[in-house]
Amino acid sequence: MEYRSLGRTGVQVSPLCLGAMMFGPWGNDDRADSIRIIHRALDAGINFVDTADVYSRGVSEEIVGEALQGRRDDVFLATKFFMPMSDDPNQRGGSRRWIMREVENSLRRLNTDYLDLYQVHRPSPDTDVEETLSALTDLVRQGKVRYLGSSSYSGSQIVEAQWASRDRNLERFVTEQPPYSILVRGIEEDVLPTIQRHGMGSLTYSPLGGGWLSGRWRKGAASAPASSARPGARFDMSSPANQRKLDIVEELALLAEQAGFTLIELAIAFVINHPAVTAAIVGPRTMEQLESYLAAPEVVLTADVLDRIDELVAPGVTINPDDNSYGAAELTPDARRRH
């Protein structure tokens, strides 16, 4: 597997990043099987693993930690914080208080004394980015964290964080983790160019559009997934936007077949073909799913294939707004209407 530089860090990572969201009760609750999947990914050349504290409320981190025993130094290990870990309002968010507590919890669950990449899972509407960056900077200086990253930050939020780091002499975010697939191309207009301008690496999630590009849901035989990790609105088959997605999937499946590879390989290859994308996060629940991803980095998409994809989904367009990870706070009625 040909490795890539993670932004300007000099770190070399695989173009596939193993996402661990489905290891644990949210997906595969067989720990031994999950560990076998992780080991197979490492043996195939994947050296980049991403998880989060909230995935199965810490169980994912525990499984990853167990799997990496004896192989920890060979892996660039990333995790995230921010999402609620209990009903306690102080066990979430980007405050110094929570960061200092939760990093210790993640280190314990992952059975390691350092994190290669510690990421803010979402921007905080009620916490100054300087507070978050200041706490994270202290973790870097303590040796508990090597690099910092953000996830689902808009272009302006990325710039604000970079300026705060420069003006306050704080460690900066060196990576961004946005959603990106053939069906969710909104970040092409602003987020990916912003990542490039600031020399950041990117690890994009949901290259299969939450399963839409896996071939599981096809026109005439669509049903909503059972995973508790997936919101129902994104898989409401009565939605006109989702019906449009089904039409596009049929065309993409035909395009992949004509080009000589699978729909999954087409989808992942499209994502990692973008010059601003360092790695695509793939989140297998089964060994079969992992195996279906591994050939994607070797797939070469011709200009004709890429042009056809652009005809089906125009650059910068997200077919269903429910697939976006942006605007959760900004687009609420309270944020848009004077009272």
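Now for a look at the structure at hand. All of these numbers come straight from a predicted model, not from anything done at the bench.

1. Quick notes on the overall build of the protein chain
1) Next: Check the secondary structure of the protein chain and you find 11 helices and 10 strands.
2) Next: Expected size for 339 residues packed as a compact globule is a radius of gyration near 20 Å; at 19 Å, the protein chain falls within 12% of this value.
3) Next: Considering only C-alpha atoms, the protein chain reaches an extent of 55 × 55 × 40 Å along its principal axes.
4) Next: A total of 339 residues make up the protein chain; the buried ones form 55% of that total.

2. A closer look at the sheet that holds strand S8 (residues 173-177)
1) Next: A barrel is described by the order of its strands in space; here eight strands give the closed sequence S3-S4-S5-S6-S7-S8-S9-S10, paired in parallel fashion. Mean inter-strand twist for the sheet, computed between neighbouring axes without regard to direction, equals 30°.
2) Next: Across four bridges, strand S5 (residues 76-81) lies against strand S6 (residues 115-120) in parallel orientation. Looking at S6, one finds that Phe-81 is bridged to Val-120.

3. Regarding unusual backbone geometry
1) Next: Positive phi, close to 55°, is recorded for Ser-56, a residue that is not glycine.
2) Next: When you line up the elements, Ser-56 lands in the loop between strand S4 (48-50) and helix H2 (59-67).
3) Next: Assessed through its relative accessible area of 6%, Ser-56 is described here as buried.
4) Next: Phi angles above zero are rare outside glycine, and Phe-82 is one such case at about 135°.
5) Next: Its location among the elements puts Phe-82 in the loop between S5 and helix H3 (96-110).
6) Next: Residue class for Phe-82 comes out buried when judged on its relative accessible area of 14%.

4. Things to note about helix H10 (residues 303-312)
1) Next: Among the residues making up H10, those that are buried are Val-305, Leu-306, Ile-309 and Leu-312. On an axial view of H10, the arc spanned by its buried residues comes to 115°, and they lie on one face. Exposed side of H10, more than 90 degrees from the buried face: Ala-303, Asp-304 and Glu-311 are the residues found there.

5. Re the pattern of salt bridges
1) Next: On inspection of all chains with the given rule, the structure shows 16 salt bridges.
2) Next: Among the salt bridges present, the one from Glu-62 reaches Arg-31, with a minimum N-O distance of 2.7 Å. Taken together, the positions of Glu-62 in helix H2 and Arg-31 in helix H1 (residues 31-43) put the pair 31 residues apart, joining distant regions of the chain.
3) Next: Taking the relative accessible area as the measure of exposure, Glu-62 reaches 31% and is therefore partly exposed.

Definitions and cut-offs
Residues numbered from 1 in each chain as written. Predicted model: local features only at pLDDT ≥ 70, side-chain atom pairs only at ≥ 80, totals over all residues. Heavy atoms only, no water. Helix = DSSP H or I, 4+ residues; strand = E, 2+ residues; numbered from the N terminus. Rg over C-alpha atoms; globule rule 2.2 N^0.38 Å. Buried < 20%, exposed > 50% of the residue type's maximum accessible area, 1.4 Å probe, protein only. Pairing = 2+ DSSP bridges. Axes fitted to C-alpha atoms, helices over the stretch in contact; angles between N-to-C directions. Arc of directions from axis to C-beta. Salt bridge = Lys/Arg side-chain N within 4 Å of Asp/Glu carboxyl O.

No statement about biological role is implied by the geometric values presented.
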